[in-house]
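The chain contents come next:
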Amino acid sequence: MGWVLLYAVVLFLLLFFCLNHLRCLMIRLSCAWQIWKMCWRGKAKLHRAHFFWFLGSRFGRHCDFYLETPHCIFSIKLFGVMRRYAWLVLMRKDQYQLQGTLFGRPVRPFGNYDFRYRFRPEWEGKAMCPVVLMNPEPHDIRIQKPGKQEQKEFTYGDQFAGVMVFSLALLQAI
């Protein structure tokens, strides 16, 4: 009887600590499926930058995949927020901070990614559009001007630190 209780407690703790990771994985798999469907319909052509392109994180330095359309190459970096109710605050010209989490998060650099990683020579004539794809999306995105405490709404499709910030729905609309 004691072993069953011990197994139940261990299973509960594993689920409690891994639930956000499982949620993020399911959302990323759904994102990969929807991007694959978009490419299958002929809207764009998918080119992976690495084998696990759909598992990219905001801490990686390189873009994760490319979408080739007739008029533009979208160089896409995945940026995910693990906590469902956290919001993203874009600060200064190239920094961000996650707020609304249990513990305070440090300010980190935003947009210092290599969007030309494994860029093909035959794409040189086309326009390149660097995109940060929010998936899983934060609860809210706000922008804070330097030296001010007030925060304003930030909408998907706007540009910040030289890159476009997209949601999956906006990416599918191209």
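Before any of the text, the structure's been laid out above.
Summarised in this report is the structure supplied together with it. Keep in mind it's a predicted model, so treat the numbers as computed, not measured. (Residues numbered from 1 in each chain as written. Predicted model: local features only at pLDDT ≥ 70, side-chain atom pairs only at ≥ 80, totals over all residues. Heavy atoms only, no water.)

### Side note on the overall build of the protein
Phase 1 of the analysis: Along its length, the protein carries 2 helices and 11 strands.
Phase 2 of the analysis: Expressed as lengths along the three principal axes of its C-alpha atoms, the size of the protein is roughly 70 × 45 × 25 Å.
Phase 3 of the analysis: For the protein, the residues scored as buried account for 39% of the 174 residues in total.
Phase 4 of the analysis: For the protein, the exposed surface amounts to about 10800 Å²; the carbon and sulfur share of it is 62%. (Helix = DSSP H or I, 4+ residues; strand = E, 2+ residues; numbered from the N terminus. Buried < 20%, exposed > 50% of the residue type's maximum accessible area, 1.4 Å probe, protein only. Areas by Shrake-Rupley, 256 points an atom, 1.4 Å probe, with all protein chains shown as cover.)

### Things to note about the side chain of Lys77
Phase 1 of the analysis: Topologically, Lys77 is positioned in strand S3 (residues 72-79).
Phase 2 of the analysis: Residue class for Lys77 comes out buried when judged on its relative accessible area of 1%.
Phase 3 of the analysis: When neighbours within four sequence positions are excluded, Lys77 is seen to be in contact with Ser57, Gly60, His62, Cys63, Asp64, Tyr113, Phe115, Val131, Val132 and Leu133. (Contact = heavy atoms within 4.5 Å.)

### Examining the sheet that holds strand S9 (residues 151-153)
Phase 1 of the analysis: Ordered in space as S6-S5-S4-S8-S9, the 5 strands form an open sheet in which the pairing is mixed. Taken across any chain shown, the strands that pair with only one partner, and hence form the sheet edges, are strand S6 (108-109) and S9.
Phase 2 of the analysis: With 3 bridges connecting them, strand S8 (residues 140-144) and S9 associate as antiparallel partners. Directly across from Ile143, in S9, lies its bridge partner Lys152. (Pairing = 2+ DSSP bridges.)

### Focus on the sheet that holds strand S1 (residues 45-48)
Sheet strands line up and pair through hydrogen bonds in the backbone, either parallel or antiparallel.
Phase 1 of the analysis: Strand order in this open sheet of 6 strands is S1-S2-S3-S7-S11-S10, and the pairing throughout is mixed. Strands at the two margins of the open sheet, each flanked by one partner only, are S1 and strand S10 (159-160).
Phase 2 of the analysis: In this structure, S1 lies alongside strand S2 (residues 65-68), joined through 4 bridges in antiparallel fashion. The residue bridging Arg48 from the neighbouring strand is Phe65, located in S2.
Phase 3 of the analysis: Along the sheet, helix H1 (residues 2-40) contacts S1, S2, S3 and strand S7 (127-134); its crossing angle with S2, the most-contacted strand, is approximately 25°. (Axes fitted to C-alpha atoms, helices over the stretch in contact; angles between N-to-C directions.)

### Concerning the pattern of salt bridges
Phase 1 of the analysis: Within the structure shown, the criterion is met by 3 salt bridges.
Phase 2 of the analysis: With a closest N to O distance of 3.2 Å, Lys126 and Glu68 form a salt bridge. Residue Lys126 is found in the loop between S6 and S7, and its partner Glu68 is found in strand S2; the two are separated by 58 residues along the sequence.
Phase 3 of the analysis: Look at Glu68 and you get buried, because its relative accessible area is 19%. (Salt bridge = Lys/Arg side-chain N within 4 Å of Asp/Glu carboxyl O.)

Functional significance is not addressed by these values, which are geometric in nature.
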